[in-house]
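Structural overview
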Amino acid sequence: MADAPSNDRYSRQSILPGVGDTGQRALSKAHAVVVGCGALGCGVIDQLARAGVGRLTLIDRDIVEWSNLQRQTLFDEEDARSGQPKAIAARRRVMAINSTTKVVSEIADLNFENGELLVVGEDKPDVMIDGTDNLETRYLLNDLAVKHRIPLIYGGVISRRGMQMTIRPGSGPCLRCVFPEPSRSGETETCDTAGVLGAAVAIVSSLQAAAAIDLIVNPAGDVNPVLIEFDLATIRFRSIDLSKLAAPGVRAGCVCCGKCEFQFLSGERARPAVTLCGRGAFQIPAGAAQIDLSRLASSVARVSQVTATEFFVRIVPREGVEMTVFADARAVVRGTANEGEARALYDRYVGA
Ligand SMILES: [Zn+2]
């Protein structure tokens, strides 16, 4: 019986072509920031810790809920019962998986004001991993990646579909080269309204972990930029070549990596603050675009109690909590403990 960590801990990985002892050493010295410890974050964190990544910074604003356990693999029933912050529960799990990994947890809602401090800090990470569930934070991460030249590994999953893309600032297209604008609130499905299969999450988080390991082991690697997409409903996988978007002449037209306008990081595109309105009620301000209320009502009706009128949709996510959404994308949330929870509910049901 061996008590101490064994020397052959990474033997099955370091034997791989392209890894070797040099790659394994690079992993032990690497620092990865994972933004969002939800479904994708859990899968990536687990794999990076097991692969021997030396330092992990975990950022998340939420607490563990029972409905997370179906796909968020770092958490257990006790975490849900005691409502542990995800960043803390994930850290405890990582320390049990690999005691040599240094883990810093930040319980925070990443935004344009704290983004540079939390993600870039005093020494730049080697890689950032997107485990978020809202578009504004995704575009903020893209700004951070391009501005500070930090590779970013994007991943998204909903229902049985997923996608993954690696952003290598300076040499390949950024998120805004591929998707110039975030889709509008109320027009995107969320995992809370459309559902999500744990198996689809595991595919995307594995693609993200593989991309992160590859970037760390082989940072100068010359790979064609691709967007990987799949749908398990039809068992269809495809890899879209993004080489054309990588051409400097094409990238020059991109607001972010061509013109260096970091609109999400500067706060120009940030959502206005949530305000207190009356006793125990928070107001989410109006968005840039109108919401299709009947569409919102029908997508939410599958998972929550809903009342719809011509003027508003009222959602009751749980007993004692009520969110009224208006056509201008404004919402009033009653019964939540704080504005962070009000914002999180909005992101969950209406979409960010
Ligand atoms: Zn770009």
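What counts and how
Residues numbered from 1 in each chain as written. Predicted model: local features only at pLDDT ≥ 70, side-chain atom pairs only at ≥ 80, totals over all residues. Heavy atoms only, no water. 1 Å grid on protein atoms, 1.4 Å probe; cavity = no way out; pocket = protein on both sides within 12 Å on 5 of 7 lines; lining within 4 Å. Points joined across faces, edges and corners; volume = space filled by probe spheres on them. Helix = DSSP H or I, 4+ residues; strand = E, 2+ residues; numbered from the N terminus. Nonpolar A, V, L, I, M, F, W, Y, C, P; charged D, E, K, R; others polar. Domains from an automatic or database assignment. Contact = heavy atoms within 4.5 Å. Buried area = accessible area lost by both parts, 1.4 Å probe. Salt bridge = Lys/Arg side-chain N within 4 Å of Asp/Glu carboxyl O. Expected span 1.5 Å × (residues − 1). Buried < 20%, exposed > 50% of the residue type's maximum accessible area, 1.4 Å probe, protein only. Axes fitted to C-alpha atoms, helices over the stretch in contact; angles between N-to-C directions. Parallel < 35°, antiparallel > 145°, perpendicular 65-115°, else oblique. Left-handed = near helix turned anticlockwise from the far one by under 90°.

Empty space within the second largest pocket amounts to approximately 760 Å³. Element by element, the count of residues in the lining of the second largest pocket is highest for helix H14 (residues 339–349), at seven residues. Considering only residue class, the lining of the second largest pocket consists of 11 nonpolar, five polar and 12 charged.

Here the domain parsing of the protein chain yields domain 1 (11–251) and domain 2 (275–349). Taking the mean C-alpha position of each, domain 1 and domain 2 sit 28 Å from one another. With 11 residues of domain 1 at the contact, the number on the domain 2 side is 12 residues. Buried surface at the junction of domain 1 and domain 2, summed over both partners, amounts to about 1,100 Å²; 47% is from carbon and sulfur atoms. Our enumeration of links across domain 1 and domain 2 arrives at two salt bridges. Here Asp347 ties to Arg61 by a salt bridge, and the two come within 2.9 Å at their closest N and O atoms.

Between its first and last C-alpha, helix H10 (residues 198–217) extends 28 Å over 20 residues, near the 28 Å set by a 1.5 Å rise per residue. Along H10, the positions that sit buried rather than exposed are Ala200, Val201, Val204, Ser205, Gln208, Ala209, Ala211, Ala212, Ile213, Leu215, Ile216 and Val217. On its buried side, H10 packs onto helix H2 (20–29), helix H3 (39–51), strand S4 (127–130), strand S5 (152–158), strand S6 (161–167) and strand S7 (226–231).

Moving on to the packing of H3 against helix H5 (residues 86–97). Their axes nearest at 9 Å, the elements H3 and H5 cross at an angle of 30 degrees. It follows from the interaxial angle that H3 and H5 lie roughly parallel. Crossing of H3 against H5: the hand is right-handed. Residues Ile45, Asp46, Ala49 and Arg50 of H3 lie in contact with H5, whose contacting residues are Arg93, Val94 and Ile97. Residue classes in the contact of H3 with H5 are distributed as four nonpolar, no polar and three charged.

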